[in-house]
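Each chain, letter by letter, is given below.
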Amino acid sequence: MATMGDVARLAGVSVSTVSHVLNETRKVNATTRERVESAIAETGYRRNVVARSLAAGRTHTIGLSISALTNPYFGSLVHAIEERLSAAGLVMFLGDSHDDPAAERRVVDSLLDRQVDGIIVAPSADAERDTIPTIQASGTPFVLIDRGVEIPCDQVAPENVESAARLTDHLLDLGHRRIAVVRGLAGITSSTERVDGFLRAMADRGVEVDPRYVLDGHSRVDDAEHAVREVLSAPDRPTAIVSLNNSMTIGTVKAARALGLDIPSDVALVSYDDFEWSDLFEPRLTAAGQDVGTMGRAAVDMLLERIDGYDGPARRVQVPTSFHHRNSCGC
């Protein structure tokens, strides 16, 4: 690996002159600059940015631990975060926790070993017992995104309860009473809050929830498809379904089609999570859409404030969803 001394010898200048060209700390005449730049290209020299950053007390890198990167929602969230970090001149290290506490701990340990300036985490179900205390003990600033915890810390998440209640209310307004709900991964606050919204809407209208209609989709396509297929095969099948994330919505649609059922004629469907291609989907999906751009930017901004020395109380931001009324609900 070429050194700055190699560049200086080839260009016929001092090491300090090479440094001035690289760091633009002093004006260097055009001819000398050209020789130095030519020598850099010929030797393949690259600055040791890590060493310089560590000497300055920062690495200008941010870690992101997030689950299910194959889920379009999380992909959009990662894009929003990276875009904001890039605008701030920072580089992102990304690790997929797979919603597994052990994998999440490995990702976080790896990020801490790389001495990132801060970490954004979409926490797993067990994060309060292991991952979050580990980050806190390191003194590294961090922000949680998408899912909350009871530990006081900076958090950015979508609004879940009212959004799920609104979807359920819409089906109730259309006259449905046999309504099934497909719930997500257990132990995740977003799953719990969305189910709470569904149950609250049903209770407020005096409609009893049939336990058979509370389905475990585990936030996965295949699990949702299996659970929905089973309930739709029953003689007294539900007339409507509330799916509480986009992967489970795909599984729900697959189950209905496998049974030859039409959405919305045979079973109405609404979804928490919108798709970029919802207007092209048939039927067009009635959904609560999350503002991933706002969430990603808010998480980055909060983290950068912590890195820059903000030591105020923990902040919790809830980002409203938007209701997209289409025709999968039967309207």
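Residues numbered from 1 in each chain as written. Predicted model: local features only at pLDDT ≥ 70, side-chain atom pairs only at ≥ 80, totals over all residues. Heavy atoms only, no water.

## Quick look at the overall build of the protein chain
So, step 1. Secondary structure assignment for the protein chain yields 12 helices and 12 strands.
So, step 2. Projected onto its principal axes, the C-alpha coordinates of the protein chain cover approximately 85 × 40 × 30 Å.
So, step 3. Expressed as a percentage of its 331 residues, the buried residues of the protein chain come to 49%.
So, step 4. Here the protein chain has roughly 15,800 Å² of accessible surface; of this, 49% comes from carbon and sulfur atoms.
So, step 5. Charge separation in the protein chain, taken as the distance between the mean sites of 34 positive and 47 negative side-chain charges, equals 5 Å. (Helix = DSSP H or I, 4+ residues; strand = E, 2+ residues; numbered from the N terminus. Buried < 20%, exposed > 50% of the residue type's maximum accessible area, 1.4 Å probe, protein only. Areas by Shrake-Rupley, 256 points an atom, 1.4 Å probe, with all protein chains shown as cover. Lys, Arg positive; Asp, Glu negative; His and termini not counted. Charge placed at Lys NZ, Arg CZ, Asp CG, Glu CD.)

## Considering the packing of aromatic side chains
So, step 1. Applying the stated criterion to the full structure yields 1 aromatic pair.
So, step 2. Geometry around Y272 places R194 over its ring, the cationic atom sitting 3.7 Å from the centre. (Phe/Tyr/Trp six-rings, centres within 6.5 Å; stacked < 30°, edge-to-face > 60°. Lys NZ or Arg CZ within 6 Å of the ring centre and 35° of its normal.)

## Description of the nonpolar core
So, step 1. Within the largest apolar cluster, 40 residues are counted, with the highest numbers of intra-cluster contacts made by L171, I179, L232, I241, V242 and L244.
So, step 2. For this core, the secondary structure elements donating two or more residues are α8 (161-173), β6 (179-183), α9 (189-204), α10 (221-232), β8 (240-243), α11 (246-258), β9 (268-272) and β10 (286-289).
So, step 3. The element contributing the most residues to this core is α10, with 5 residues.
So, step 4. Sequence-distant contacts of L244, that is, excluding residues within four places in its chain, are made with A164, V181, V182, R183, R194, V195 and Y272.
So, step 5. In terms of nonpolar packing, the next biggest core, distinct from the first, is built from 26 residues, I81, M302, I307 and V319 among them. (Core = buried A, V, L, I, M, F, W, Y, C linked by side-chain atoms within 4.5 Å. Contact = heavy atoms within 4.5 Å.)

## Here we look at the sheet that holds strand β12 (residues 322-324)
So, step 1. Taken in spatial order, the 6 strands make up an open sheet running β7-β6-β8-β9-β10-β12, and their pairing is mixed. Both edges of this open sheet fall to β7 (214-216) and β12, since each of them pairs with a single strand only. The sheet shows a mean angle of 15° between the axes of neighbouring strands, taken without regard to direction.
So, step 2. Here β8 runs beside β9; their pairing, made up of 4 bridges, is parallel. Looking at β9, one finds that S243 is bridged to S271.
So, step 3. The sheet strands contacting α8 are β6, β8, β9, β10 and β12, and the helix crosses β9 at an angle near 170°.
So, step 4. Contacts from α10 reach β6, β7 and β8 within the one sheet, and its direction differs from that of β7 by about 145°. (Pairing = 2+ DSSP bridges. Axes fitted to C-alpha atoms, helices over the stretch in contact; angles between N-to-C directions.)

## Structural notes on the packing of helix α1 (residues 4-11) against helix α3 (residues 30-43)
So, step 1. Contact pair α1 / α3: the axes reach a minimum separation of 8 Å and the direction vectors enclose 125°. Taken together, the axes of α1 and α3 are oblique relative to one another. With respect to the hand of their crossing, α1 and α3 are arranged in right-handed fashion. Residues V7, L10 and A11 of α1 form the contact with α3, whose own contacting residues are R35, V36, A39, I40, E42 and T43.
So, step 2. Across the contact of α1 with α3, the residue classes tally to 6 nonpolar, 1 polar and 2 charged. (Parallel < 35°, antiparallel > 145°, perpendicular 65-115°, else oblique. Left-handed = near helix turned anticlockwise from the far one by under 90°. Nonpolar A, V, L, I, M, F, W, Y, C, P; charged D, E, K, R; others polar.)

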